[in-house]
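So you can see what is in the structure, the chains are spelled out below.
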Amino acid sequence: MILSEVQNAISEKKICVLIPTYNNEKTLKRVIDGVLDYTENIIVINDGSTDSTLKILINYSQITVINLPENKGKGNGLKTGFRKAKELGYNYAITIDSDGQHYPDDIPVFVEALLNGKEDVLLIGNRNMSQDGIPKKSSFGNHFSNFWFWFETGIKLEDTQSGYRLYPLHKIPKKYFTPKFEFEIEIIVRTAWRHIPVKNVPIKVLYDPLERVSHFRPFKDFTRISILNTILVTITLFYIIPRNFLNNFKKKSFKKFLKEDVLESDGTNRTKAFSIALGVFIGFSPFWGFHTLLVISLAVLFKLNKVLAFVASNVSLPPFIPFIIAASLFLGTPFVAGDSNILSQDLNFDLVKNNFLQYVIGSAILASTMSVLSGVSAFLFLNKLNPENN
């Protein structure tokens, strides 16, 4: 795209550029001047800077400046900028860091990707993390973040930590729970949960140790990010995956759902059979309250079909629990010295507690047996339906 086309598109699509900044006096002017080549729709959020940032910003009367009285973190600055952008009537916001690592001349990359798309999308700049000069901690952190984003959303990206992004302002969540660097993880995960596409676009990156000032605190911020991912993973396992599963089921007939979402999902018949076997094994195991967490985690670890594994694990639905417990106690009887007439007693928690070892051994036998039987049966059934998918 030529410059005039980019400028026109920014105006027509109502795009602004947000620049959160904190003590980046060495690079801030260069970043603002670079963005001004494309637009004056700029909002700078000065997050309580104590250097010469205020003096620099005084020279830019044509842009919107928000001066926060104290530093509260990048996430808080971005939230403030999003609110202001919507107040001013913008539909999209491109965020660019003020530390000089991002090139303003990559703005057309975001604009063109937005124009070429058929729907609203959240775009994240994809940096070349293998190039010389990239700090090892940044590369490791990015791989770490990419994995958990995929686990939480099912979307595979090459870069989830770049702050150079384009946000659809009216599609992202309105309320957030994190104020600092982890905010940029929260917003992309929760936006993806709203079924808004999240994609990468290629950008350049510059890490200049003489100019760049990083406010990332490895221990504190990595801990905050880890806590956030723990919460997001929990929500994913216990709400998002079951919600999506039920929504897909409701939208289709049972036959269509079985065909499209289960039988014709990715993976060979062998993989699908192992997925069912895993689900049944977990479902019959005595891990009450943790079945969903375990089955999804193991399905991801062994690259199995998460939907099939989750469905199969529901053999332990409440109506079946008394029968599973009774069968476990019965199967464990020959291996533990005790009352062999145990099933003539009332089936309650005290019975399980008083015969816990017997119950655990019986559960292992029951889970293993039913897992093998269901896996073999599933493989034979699937192989009959689709013998070429092995």
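This is a predicted model, so every value here is computed, not measured.

**Concerning unusual backbone geometry**
Next, step 1: Residue Lys14 is not a glycine yet carries a positive backbone phi of 55°.
Next, step 2: Among the secondary structure elements, Lys14 is positioned in the loop between α1 (3–12) and β1 (15–21).
Next, step 3: In this structure, Asn23 takes a positive phi of about 55° despite not being glycine.
Next, step 4: Within the secondary structure, Asn23 sits in the loop between β1 and α2 (28–36).
Next, step 5: Residue classification places Asn23 among the buried positions, given a relative accessible area of 18%.

**Some points on the nonpolar core**
A general feature of soluble globular proteins is that nonpolar side chains tend to end up buried together.
Next, step 1: Formed by 31 residues in total, the largest nonpolar core has its most connected members in Phe82 and Ile187.
Next, step 2: When contributions to this core are tallied by element, the ones reaching two or more residues are β1, β2 (42–47), β3 (64–68), α4 (74–87), β5 (122–126), α7 (183–193) and α8 (218–251).
Next, step 3: If sequence neighbours within four positions are ignored, Phe82 has contacts with Leu18, Ala93, Thr95, Tyr167, Leu169, Ile172, Phe183 and Ile187.
Next, step 4: Formed by 30 residues, the second largest nonpolar core is a distinct cluster that contains Ile10, Val35, Ile42 and Val201.

**So, empty space enclosed by the protein**
Next, step 1: All told, the structure shown has one cavity of 30 Å³ or more when counted by the stated rule.
Next, step 2: By volume, the largest cavity is sized at about 30 Å³.
Next, step 3: Every residue lining the largest cavity is listed: Ser145, Trp148, Phe149, Glu152, Ile185, Ile188, Val189 and Asn229.
Next, step 4: Those elements that provide at least two residues to the lining of the largest cavity are α6 (136–153) and α7.
Next, step 5: Top contributing element to the lining of the largest cavity by residue count: α6, with four residues.
Next, step 6: Taken together, the residues of the lining of the largest cavity break down into five nonpolar, two polar and one charged.

Scoring rules and cut-offs
Residue numbers run consecutively from 1 along every chain, following the written order of its sequence. Given that this is a predicted model, residues contribute local features only at a pLDDT of at least 70 and side-chain atom pairs are listed and counted only at 80 or more, while totals for whole chains, interfaces and linings are drawn from all residues. Excluding hydrogens and water, the side-chain figures rest on all heavy atoms present in the structure. Numbering of helices and strands runs from the N terminus; a helix is a DSSP stretch of H or I covering at least four residues, while a strand is a stretch of E covering at least two. Each residue's exposure class comes from its accessible area (1.4 Å probe, protein chains only) as a fraction of the maximum for that residue type: buried when under 20%, exposed when over 50%, partly exposed otherwise. The nonpolar core is taken to be a set of buried Ala, Val, Leu, Ile, Met, Phe, Trp, Tyr and Cys residues, with the residues joined through side-chain atoms within 4.5 Å. Residues count as neighbours in contact if any of their non-hydrogen atoms are within 4.5 Å of one another. Method remark: on a 1 Å grid restricted to protein atoms, a set of points is classed as a cavity if a 1.4 Å probe fits but cannot get out and as a pocket if it is open with protein on both sides within 12 Å along at least five of seven lines; lining residues have an atom within 4 Å of a point. Grid points are joined across faces, edges and corners, and a volume is the space filled by probe spheres set on the points. Here the term charged refers only to Asp, Glu, Lys and Arg, the term nonpolar to Ala, Val, Leu, Ile, Met, Phe, Trp, Tyr, Cys and Pro, and the term polar to all other amino acids, Gly among them.

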